[in-house]
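Residue strings, one per chain:
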Amino acid sequence: MTESSLHPAAAPPAEARPGSGWRRFAADWASDQTSFKGVSWGKAMMWVFLLSDTFVFGCFLVAYMTARMSTTVPWPNPSEVFALEIGGSSVPLILIAIMTFVLISSSGTMALAVHYGYLRDRRKAGRLMLVTALFGACFVGMQAFEWTKLIREGVRPWTNPWGAPQFGSSFFMITGFHGTHVTIGVIFLLVLARKVLRGDYETGRRGFFTSRRGRYEAIEIMGLYWHFVDLVWVFIFAFFYLW
Amino acid sequence: MAETTAHAEVGAPAAPPLPADTQHHPVKLYLAVWGWLFVLSACSYLVDYIGLQGWLRWTLIVLFMLLKAGLILAIFMHMAWERLTLIYAILLPPLLVMVFVGIMALEANYTLLTRVLYFGGGN
C-alpha cells in the first residue's frame, strides 16, 4: 500500500457535495467506502481508541458509584482526606486543586503546540510539547506524593482509618489508571517532541518503529490523547474528589 | 458547525498552504478557552472550599464538570469542526454508559436495602 493512498486528500472531495449536515451524515454512512471523510485513519483510530478508553474509565467510575451507594458505612470525606497542612492550618483538597490546574495548563500548551505544528513552526511546537510533558511529569509527581501520604496514613485497597473500606480500592484503581495514562502520554510527548524538533516531518525521515514518514498531523493526534487525559481528570475530580 | 473550517491567521509566518482537512484556528480562541477552564476549575474548587452541601453542591459540580468537558472536547479536541459522522460515532456510544449508571444505581440501592435488612447495618 502506498502512503498516498492512506492520505485523506486522495479521497473524493466530500466537502464539495451540497446539503445539510444531516444529509452528509446519511451520505457518509451510506457511501460504501470511507465513512469518516476528510479524517485521516490515524485520527479516526485515535478517536476510536479514546472511545474505548471512555468505557474503561466509565466502568471504573460506575464501580465506584455502586460501592459508595451500597455501603452502610460512611464514606471517608475526600475534602478532609486530601487536605494539606499549610502554615499551620488545614486547607481542604489543595493538592488536588493544584494538580487540576497543572493538568489544565498542560492542555493549554498542548493546544498551542498543535496550532504551531500546523503553522510549520517546529521550534515553538516542539518546545510547547516539552512544556506539556513537564506539566504532565509534575502531575504524576504530585500523584506519587499523594499516594505516599495516603499509604503512610494507612490507606490500603481493603481498609482505611476513616470509613468504608472500598474507598482505598476505588482510589487506587481510578487514580492509578489515570496516572498511568498521564505517564504514557509524557513518554509519547517526549518521543514526538524529539521528532518535531529534529525536523523529521520536513525531511521525511522514517519512524524507527513504523518505518513510515510522519506528518504534522501527528501532533494533533497526540493532542487528542492528551486532552482526553485531561477530560477524564475533569470527571474524576468532580465525582471522586468533590462529590 | 460540521464544516472543517480553516481559519487563516493574519500576519502568520510564511507557511505552505494548509490542506483543507487541517484543524487550524486562531490562537486567541485557545487562550480564551484556557482562561475559561481555569475559571471553571477555580469555581468547582470553591464549591468544596466554601463547603456547599446537598443538591446545590451536586448541581454546581456537575454543571462546572460538563462545561469544562464541553470546552475541552469542542475546542481543544476540535470536535466542533468535525463532520457530523465523526461527532455522532464518538459522542453517542458513551451515552450508553448512562444506562449502565442507571442499572447499577438500582442494583446498589437493592444491595444497600438487603444489607440493612439482613446484616443489621453491617458492611
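Definitions and limits used
In this numbering scheme, every chain counts its residues from 1 along its sequence in written order. Written order determines the labels here, with chains lettered from A and ligands numbered from 1. A pLDDT threshold of at least 70 governs which residues receive local features in this predicted model, and a stricter bar of 80 or more applies before side-chain atom pairs are shown or counted, although totals over entire chains, interfaces and linings include all residues. Note that the side-chain values use all heavy atoms of the structure and ignore hydrogens as well as water. By definition, any uninterrupted DSSP run of H or I lasting at least four residues is a helix, any uninterrupted run of E lasting at least two residues is a strand, and each is numbered from the N terminus. Accessible area is worked out with a 1.4 Å probe on protein chains only. A residue is then buried under 20% of its type maximum, exposed over 50%, and partly exposed in between. Whether two residues are in contact is decided by their heavy atoms, any of which lying within 4.5 Å being enough. Working definition of accessibility: Shrake-Rupley area with a 1.4 Å probe, residue cover restricted to the visible protein chains. Accessible area, probed at 1.4 Å, shrinks when two parts are joined; the buried area is that loss added up over both. Each salt bridge in this description consists of a side-chain nitrogen of Lys or Arg and a carboxyl oxygen of Asp or Glu lying within 4 Å of one another. Stacked, tilted and edge-to-face pairs are distinguished by plane angle, under 30 degrees for stacked and over 60 for edge-to-face with tilted covering the rest, among Phe, Tyr and Trp rings (Trp via its six-membered ring) whose centres lie within 6.5 Å. For every residue, the predictor states its confidence as a pLDDT score lying anywhere from 0 to 100. Polar contact criterion, stated in full: a pair of N or O atoms within 3.5 Å, where within protein one must be able to donate a hydrogen and the other to accept it, and residues adjacent in sequence count only if both atoms are side-chain atoms. Axis definition: a line fitted to C-alpha atoms, over the contacting stretch in the case of helices. Angles run 0 to 180 degrees between N-to-C directions. Put simply, angles under 35 degrees are roughly parallel, angles over 145 are roughly antiparallel, angles from 65 to 115 are roughly perpendicular, and the rest are oblique. Note: crossing handedness is left-handed where the near helix turns anticlockwise from the far helix by less than a right angle, and right-handed where it turns clockwise. Polar here means any residue outside two lists: the nonpolar Ala, Val, Leu, Ile, Met, Phe, Trp, Tyr, Cys and Pro, and the charged Asp, Glu, Lys and Arg; Gly therefore counts as polar. Under the convention used throughout, the expected extent of a helix is 1.5 Å for every residue step, that is, one less than its residue count.

S.K.: Help me out: how do you make sense of the overall build of chain A in this one?
M.R.: Scanning chain A from N- to C-terminus turns up nine helices and two strands. Sequence-ordered secondary structure for chain A, helices as α and strands as β, is α-α-α-α-β-β-α-α-α-α-α. When its C-alpha atoms are laid out on the principal axes, chain A stretches across 60 × 40 × 30 Å. The burial tally for chain A puts 52% of its 243 residues in the buried class. Partitioning the contacts of chain A with sequence separation of at least 6, the portion at a separation of at least 24 is 70%. Element-wise, carbon and sulfur atoms account for 66% of the exposed surface of chain A, whose accessible area totals about 10800 Å².

S.K.: Looking at this structure, I do not really get helix H3 (residues 84-91) of chain B. What am I missing?
M.R.: Note that an α-helix has 3.6 residues per turn; residues three or four places apart therefore point the same way. With six of eight residues buried, H3 of chain B is to be regarded as a mostly interior element. Within H3 of chain B, the full set of buried residues consists of Leu 84, Thr 85, Leu 86, Ile 87, Ala 89 and Ile 90 of chain B. Residues of H3 of chain B that are buried in the fold lie against helix H2 (21-29) and helix H3 (41-70) of chain A.

S.K.: Sorry, what's going on with the interface of chain B and chain A here?
M.R.: The parts lose accessible area when they come together, and the size of an interface is often stated as this lost area. Each partner contributes to the interface: chain B provides 63 residues, whereas chain A provides 67 residues. Counting each side, the surface lost to burial between chain B and chain A is near 5900 Å², with a carbon and sulfur contribution of 73%. The partner of Arg 83 of chain B in a salt bridge is Asp 28 of chain A, with the nearest N and O atoms 3.0 Å apart. Of all the secondary-structure elements, those providing two or more residues to the side of chain B that touches chain A are helix H1 (27-50), helix H2 (54-76), H3 and helix H4 (95-118) of chain B. Looking at which element gives the most residues to the side of chain B that touches chain A, the answer is H1 of chain B, with twelve residues.

S.K.: Would you take a moment to explain the packing of aromatic side chains for this structure?
M.R.: Working definition: an aromatic ring pair is given by the centre-to-centre distance plus the angle between the planes. All names here are of chain A. With the rule as written, the count across this model stands at 34 aromatic pairs over all chains. Residues Phe 167 and Phe 171 carry aromatic rings whose centres are separated by 6.3 Å and whose planes lie at 10° to one another, so their mutual orientation is stacked. In this pair, Phe 167 and Phe 171 are both assigned in helix H7 (residues 166-198), four residues apart and thus about one turn of the helix distant. Following the ring pairs from residue to residue traces out a cluster consisting of Tyr 64, Trp 75, Phe 82, Phe 139, Trp 147, Trp 162, Phe 167, Phe 171, Phe 172, Trp 233, Phe 240 and Tyr 241.

S.K.: What should I look at first to understand the confidence of the model for chain A in this one?
M.R.: Low-pLDDT portions of the prediction should not be read for the details of their coordinates. Averaged over every residue, the pLDDT of chain A is 88; residues scoring 70 or more account for 92%. Confidence drops under a pLDDT of 50 for residues 1-14 of chain A, and excluding neighbours within four residues, the segment shows 17 contacts in the predicted structure.

S.K.: Would you mind showing me how to read the side chain of Asp 28 of chain A here?
M.R.: Along the chain, Asp 28 of chain A falls in helix H2. The exposure class assigned to Asp 28 of chain A is buried, which follows from its relative accessible area of 1%. A distance of 3.0 Å separates the side chain of Asp 28 of chain A from the side chain of Arg 83 of chain B, its partner in a polar contact.

S.K.: It is not clear to me how the packing of helix H6 (residues 122-152) of chain A against H7 of chain A should be interpreted in this structure. Could you clarify?
M.R.: When two helices pack together, you describe them by how their axes are tilted relative to each other and by the distance separating the axes. Residues and elements named next belong to chain A. Remark: H6 packs on H7, axes separated minimally by 8 Å, with the N-to-C direction vectors making an angle of 155°. Classified by the angle their axes make, H6 and H7 are roughly antiparallel. You can see that H6 and H7 cross each other, and the crossing is left-handed. Counted by class, the contact of H6 with H7 contains 21 nonpolar, nine polar and five charged residues.

S.K.: Sorry, what's going on with the pattern of salt bridges here?
M.R.: Close approach of charged atoms allows side chains with opposite charge to pair. Applying the stated rule across the entire model yields eight salt bridges over all chains. The partner of Lys 43 of chain A in a salt bridge is Glu 82 of chain B, with the nearest N and O atoms 3.0 Å apart. Taken together, the residues span two chains, with Lys 43 of chain A in helix H3 and Glu 82 of chain B in the loop between H2 and H3. The exposure classification of Lys 43 of chain A matches that of Glu 82 of chain B, with both residues buried. Taking the shortest distance from any N to any O, the salt bridge between Lys 149 of chain A and Glu 153 of chain A comes out at 3.6 Å. A network of salt bridges, in which partner residues are shared, links Lys 43 and Glu 220 of chain A together with Glu 82 of chain B.

S.K.: Help me out: how do you make sense of H4 of chain B in this one?
M.R.: In a regular helix each residue adds 1.5 Å, so 24 residues correspond to 34 Å; H4 of chain B covers 35 Å between its end C-alpha atoms and thus fits that length. For H4 of chain B, the set of buried residues is Val 97, Ala 105, Ala 108, Thr 111, Thr 114 and Arg 115 of chain B. In this fold, the buried residues of H4 of chain B make contact with H3 and H7 of chain A. Where H4 of chain B ends, the next residue or the one after it, Gly 120 of chain B, has phi of about 55°, a positive value.

S.K.: Would you explain the packing of H3 of chain A against helix H9 (residues 217-242) of chain A in this entry?
M.R.: All names here are of chain A. Look at H3 against H9: their axes get within 11 Å of each other, and the N-to-C directions meet at 10°. Relative to H9, H3 is oriented roughly parallel. Residues Gly 42, Lys 43, Met 46, Trp 47, Phe 49, Leu 50, Asp 53, Thr 54, Phe 57, Leu 61, Tyr 64 and Arg 68 of H3 form the contact with H9, whose participating residues are Glu 217, Glu 220, Ile 221, Leu 224, Tyr 225, Phe 228, Val 232, Phe 235, Phe 239 and Phe 240. Of the residues belonging to the contact of H3 with H9, the class tally is 15 nonpolar, two polar and five charged.

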